[in-house]
Amino acid sequence: MALALIGLGLVILNFKTSFGPIKLVQVVTPVEPLIQKVVHRIYCPVYLSLKWYKQFYSANSIQFSNRKEIMDW
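Keep in mind it's a predicted model, so treat the numbers as computed, not measured.

Rules used throughout
- Residues numbered from 1 in each chain as written.
- Predicted model: local features only at pLDDT ≥ 70, side-chain atom pairs only at ≥ 80, totals over all residues.
- Heavy atoms only, no water.
- Pairing = 2+ DSSP bridges.
- Helix = DSSP H or I, 4+ residues; strand = E, 2+ residues; numbered from the N terminus.
- Axes fitted to C-alpha atoms, helices over the stretch in contact; angles between N-to-C directions.

### Section: the sheet that holds strand β3 (residues 20-32)
Taken in spatial order, the 4 strands make up an open sheet running β1-β2-β3-β4, and their pairing is antiparallel. Looking along the sheet, the strands with just one partner apiece sit at the ends: β1 (2-6) and β4 (35-43). For this sheet, the mean inter-axis angle between neighbouring strands, taken without regard to orientation, is 15°. With 5 bridges connecting them, β1 and strand β2 (residues 10-17) associate as antiparallel partners. Note on β2: the bridge partner recorded for A4 is I12.

Spelled out as structure tokens, the structure:
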């Protein structure tokens, strides 16, 4: 696994798995005080089906719901 932290809001994870290489990109963008927009993008070979990573990212996945009520930036 290789990790690249580019600035404050961009993380790129490169995985080498038995299924093939997978790249996960996470972008965090401040929208307004105490509110951030988080976007995850998964890039993988075509032969990996949607079913494979759907088991990890579903409606039951852990959400970013822990919010602080104070401004620390």
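Here the narrative resumes.
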